[in-house]
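# Fold and geometry: a report
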Amino acid sequence: MAVYQTYINTYALKCIENFNDVGPSVVMASPSGLQSGLSRQLFEIWCSDKKNACVIPGNVVEGTLTKTIINEPKEVTLMNGITASLNMHNTKIISPKNCQSVEMYFNSEKRLAEKTPEVGETVSGLLVKKTFTYQIMVPDDLHVFSQLSTENISHRITFAYTGDFGVLEHRLKQILESVESLPDEESEGPAFRVHERLTVKYESEKHISLHWRSDPISDMVSDSVVALVLNISCEIPKVFVESEEATKTEENSKKAEKVVHALFVSLLGDVKFGENGKLVISVDGNVGHLDKQSGNVESENEGLKERVRVAF
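Here the structure is a predicted model, which is why all the values come from computation and not from measurement. (Residues numbered from 1 in each chain as written. Predicted model: local features only at pLDDT ≥ 70, side-chain atom pairs only at ≥ 80, totals over all residues. Heavy atoms only, no water.)

## Some details on the pattern of salt bridges
Overall, the coordinates contain five salt bridges when judged by the stated rule. When the shortest N-O distance is used, the salt bridge between Lys173 and Glu169 registers 3.5 Å. Highlighted residues: Lys173 and Glu169, both in helix α5 (residues 165-175), separated by four residues, approximately one helical turn. Take Glu169: its relative accessible area is 12%, and that puts it in the buried class. One salt bridge connects Asp215 with Arg197, and the closest N-O pair in it is separated by 3.3 Å. Pair noted here: Asp215 is in the loop between β11 (207-213) and α7 (216-235) and Arg197 is in the loop between β9 (191-194) and β10 (198-204), with a separation of 18 residues, a long-range link. Judged by its relative accessible area of 34%, Arg197 is partly exposed. (Salt bridge = Lys/Arg side-chain N within 4 Å of Asp/Glu carboxyl O. Helix = DSSP H or I, 4+ residues; strand = E, 2+ residues; numbered from the N terminus. Buried < 20%, exposed > 50% of the residue type's maximum accessible area, 1.4 Å probe, protein only.)

## Digging into the side chain of Ser39
Inspection of the secondary structure puts Ser39 in helix α2 (residues 37-46). Given the relative accessible area of 6%, Ser39 is considered buried. A polar contact of 2.8 Å, which involves the side chain of Ser39, links it to the backbone oxygen of Pro31. Residues contacting Ser39, with those up to four places away along its chain left out, are Ala29, Ser30, Pro31 and Leu34. (Polar contact = N/O pair within 3.5 Å; in protein donor to acceptor, adjacent residues only side chain to side chain. Contact = heavy atoms within 4.5 Å.)

## Points about the nonpolar core
Counting residues in hydrophobic clusters, the biggest one holds 19 residues, and the most contacted among them are Leu168, Val194, Val200 and Val225. At the level of elements, α5, β9, β10, β11 and α7 are the ones that each hand at least two residues to this core. If we ignore the near neighbours within four places in the chain, the residues touching Leu168 are Tyr161, Phe192, Val200, Ile208, Val229 and Ile232. Counting 17 residues, the second largest nonpolar core, distinct from the first, contains Cys47, Cys54, Val76 and Leu86. (Core = buried A, V, L, I, M, F, W, Y, C linked by side-chain atoms within 4.5 Å.)

## Brief notes about the packing of aromatic side chains
Overall, the coordinates contain two aromatic pairs when judged by the stated rule. Ring geometry for Phe165 and Phe192: centres 5.3 Å apart, planes at 40°, overall tilted. You can see Phe165 sitting in helix α5 and its partner Phe192 sitting in strand β9, a full 27 residues away along the chain. Seen from their ring centres, Phe165 and Tyr202 are 5.7 Å apart, and the 65° between their planes marks the pair as edge-to-face. Residue Phe165 is found in helix α5, and its partner Tyr202 is found in strand β10; the two are separated by 37 residues along the sequence. (Phe/Tyr/Trp six-rings, centres within 6.5 Å; stacked < 30°, edge-to-face > 60°.)

## Describing the sheet that holds strand β15 (residues 297-299)
An order of β12-β13-β14-β15 is seen for the four strands of this open sheet, with the pairing classed as antiparallel. Edge positions in the sheet fall to β12 (270-273) and β15, since each has one partner strand and no second. For this sheet the average axis-to-axis angle between neighbouring strands, irrespective of direction, equals 20°. As paired strands, strand β13 (residues 279-283) and strand β14 (residues 286-290) are joined by five bridges and run antiparallel to one another. Across the sheet, residue Val283 finds its bridge partner in β14, namely Asn286. Against the sheet, helix α9 (residues 302-311) contacts β13, β14 and β15, and its axis sits at roughly 160° relative to β15. (Pairing = 2+ DSSP bridges. Axes fitted to C-alpha atoms, helices over the stretch in contact; angles between N-to-C directions.)

## Considering the environment of Leu228
Tracing the sequence through the fold places Leu228 in helix α7. The buried category is assigned to Leu228, whose relative accessible area is 3%. Residues Leu228 and Leu172, 56 residues apart in the sequence, show an inter-C-alpha distance of 7.6 Å. Sequence-distant contacts of Leu228, that is, excluding residues within four places in its chain, are made with Leu172, Ile175, Leu176 and Val259.

## Things to note about the sheet that holds β11
Strands sit in the order β7-β11-β10-β9-β8 across an open sheet of five strands; the sheet is antiparallel. Each edge of the open sheet carries a strand with a single partner, namely β7 (154-160) and β8 (179-181). Pairs of neighbouring strands in the sheet enclose a mean axial angle of 25°, with direction left out of account. Across seven bridges, β7 lies against β11 in antiparallel orientation. Bridge pairing links Ser154 to Arg213 in β11.

What follows is the structure in structure tokens.
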């Protein structure tokens, strides 16, 4: 009965016209050299799809297409003379003699497994569950070792801003570490980039827009910029010239401290002002101290220390 169930869905394929190429299937065809016939016709139909495979069970003869694909070329020439990409997997069945050692090489390896992590070392990646099996891998390997794929989400926010665009860029440079102007040819108008992650563009006299690709850090930067822009909008029409900067340094520093404190409260919860201007952050019983001037983080918990450092 087991043998019957194994072969219950098999049938003899006499010509390619009778083959209904729908769903997964296994076809045993000849000749094995792929010179012509049914095997050659099926190969030309399936060779460009990486989901397909060609199993070579016999000896490989020089001068045949089988010998060519064993060397894994990127392209093959079809019977009509047209060149096609060779993306399908090629498998050669080896019948070694007794006690003969065999080495097998695989081109696809998980990049996360290239280096064995040390005890206690943090491993970052995607955890994929299938039935009762768990695998951790880098995002770029997701489509290779699973039927899933990754996508990028781009955000665009447009809101009202009636102030001078140059003043906005100047004020953000006073508070944020990295604000760089972009050439008009690249951005199609006045624009600047914040921390190489978020772009602020001048849309009109009454509107500006923010553009960024979604990830935890970029989303955090965008929240910071939105909060700062809205705060600056409330101060319009105040314009600060270079001679007034020295008198406003302390005021800007206090505003920056309030913005940093508010952002950390929204991200981490329990955040208080400590001694020497440091922030005291408590998460799940673990305590960390952040020096806002140098960015140094002190904590006995390495996870909290890294989380605060990335947020800052």
